[in-house]
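Analysis of the macromolecular model
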Amino acid sequence: MSVMRGATELADEKAIVAAAEAALGEIALVRAEIGKVIFGQESVVEQTLLAVLSGGHALLVGVPGLAKTKLVATLSTVLGLDNSRIQFTPDLMPSDILGSEVMDQDAAGHRSFRFIPGPIFTQLLMADEINRASPRTQSALLQAMQEYHITIAGDRKDLPQPFHVLATQNPLEQEGTYPLPEAQLDRFLMQVDVGYPELAAERQILLETTGLAETEARPVIDAGRLQQVQGLIRQMPVGEKVVDAILALVRSARPGNGNADTDKNVAWGPGPRAGQALMLCARARALYDGRLAPSIDDVLALAEPVLQHRMALTFAARAEGMSVRDVIADLVKRAKG
């Protein structure tokens, strides 16, 4: 019996390795196609794509004009996903996102309700300037982001699969906005900070985007294949040392766990969902880089995008000009030894 079990396990391992090697080539093609359209944002593209490959959602934080919308549209094309865009405004209502029921009347005079799906019924949803909508409207996304279905008039309506939310937020213009509650921030697998491009990349942007024709990305995979890759990532082996590194990092970011600096500077830290995010994203990063298993370096590289929106500083730390990124950088430095 043990011999048969060993042979079965070996066959399963070989199948996973073969599937991973096939996925490596496809991910390389995806990166190449995105690179034809998005210039100088390698880390942004990497982190956003890692969030999608891990089956999660991402919050893109950056000032206007940094190609956030173009990135989402390009991702939908390259990954073969249906997409829609919602521009969040203070007067946006939950029904504008979810959809609503209307009354129909047939030729015989019989009346019935018919549901008209809203823009949330898509595979890749761009929530533009999500913090401009009221908390009531923001909450319409909570159930969808966590449970992948919504409830209208007591009826459950499943969303298309896969379903991903890529939301944008302007970090500068905060007047008249509604900061996202912690419960909703925690639904985002990662917070991706979008900065200005380097000089060479900005030069390329000027040359490539101001002519008569712009380069367009082409589809590489489809929704079904993306789901297969997402399932493969969840099957990738993770070593005990990597698991221990994730636990140590997440727990060191919480007050009351023996870290004096954290106790002093952090009001509340990341929960178990942060550890889950690190596990998934570390696997996805390994595959993204052409490796079949994640390392501790993957965990430390993803510490900032995974943890920064799941932590809050004390008043004293904020008064001293400290940021969450400073705290995370110190934790990563300690983890490296």
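For the structure, see preceding data.
A short tour of the structure in this document, coming up. (Residues numbered from 1 in each chain as written. Predicted model: local features only at pLDDT ≥ 70, side-chain atom pairs only at ≥ 80, totals over all residues. Heavy atoms only, no water.)

A word on the side chain of N259
- Assignment of secondary structure puts N259 in the loop between helix 10 (240–252) and helix 11 (260–265).
- Within the structure, N259 has its side chain in polar contact with the backbone nitrogen of T262 (distance 3.2 Å).
- Once residues lying within four places of it in the same chain are set aside, the contact partners of N259 are S252, L331 and R334. (Helix = DSSP H or I, 4+ residues; strand = E, 2+ residues; numbered from the N terminus. Polar contact = N/O pair within 3.5 Å; in protein donor to acceptor, adjacent residues only side chain to side chain. Contact = heavy atoms within 4.5 Å.)

Observations regarding helix 3 (residues 68–78)
- Of all the positions in helix 3, only K68, L71, V72, T74, L75, S76 and V78 are classed as buried.
- Backbone geometry just after helix 3 places G80 at a positive phi near 70°. (Buried < 20%, exposed > 50% of the residue type's maximum accessible area, 1.4 Å probe, protein only.)

Describing the packing of aromatic side chains
- This model, assessed by the stated rule, comprises 2 aromatic pairs.
- Relative to F121, the ring of F115 has its centre 5.8 Å away and its plane inclined at 70°; by these criteria the two rings are edge-to-face.
- A relative accessible area of 18% places F115 in the buried class.
- Ring centres 6.3 Å apart and planes at 85° place the aromatic pair Y148 and F163 in the edge-to-face group. Linking Y148 in the loop between helix 6 (142–147) and strand 6 (149–152) with F163 in the loop between strand 7 (155–158) and strand 8 (164–169), this pair joins segments that are 15 residues apart in sequence.
- Residue classification places F163 among the buried residues on the basis of a relative accessible area of 1%.
- Geometry around F115 places K157 over its ring, the cationic atom sitting 4.7 Å from the centre. (Phe/Tyr/Trp six-rings, centres within 6.5 Å; stacked < 30°, edge-to-face > 60°. Lys NZ or Arg CZ within 6 Å of the ring centre and 35° of its normal.)

Re the sheet that holds strand 9 (residues 190–193)
- The strand order across the open sheet built from 5 strands is 2-5-8-1-9, with neighbouring strands paired in parallel fashion. Whereas interior strands pair on both sides, the edge strands pair on one side only; in this sheet they are strand 2 (83–87) and strand 9. On average, each strand axis in the sheet is tilted by 20° relative to the strand beside it, whichever way the strands run.
- Against the sheet, helix 3 engages strand 1 (58–61), strand 2, strand 5 (124–128) and strand 8, with an angle of about 175° to strand 5. (Pairing = 2+ DSSP bridges. Axes fitted to C-alpha atoms, helices over the stretch in contact; angles between N-to-C directions.)

Structural notes on the pattern of salt bridges
- Throughout the structure, instances matching the rule amount to 17 salt bridges.
- A salt bridge links R132 to E129, with the shortest nitrogen-to-oxygen separation between them at 3.2 Å.
- D186 is paired through a salt bridge with R273; the nearest N and O atoms lie 2.7 Å apart. Separated by 87 residues along the polypeptide, D186 in the loop between helix 7 (182–185) and strand 9 and R273 in helix 12 (residues 272–288) bring together distant segments of the chain.
- Looking at D186, the relative accessible area reads 19%, which means it is buried.
- Residue classification places R273 among the partly exposed positions, given a relative accessible area of 27%.
- One network of salt bridges, with partners in common, ties together E46, R285, D289, R291 and D298. (Salt bridge = Lys/Arg side-chain N within 4 Å of Asp/Glu carboxyl O.)

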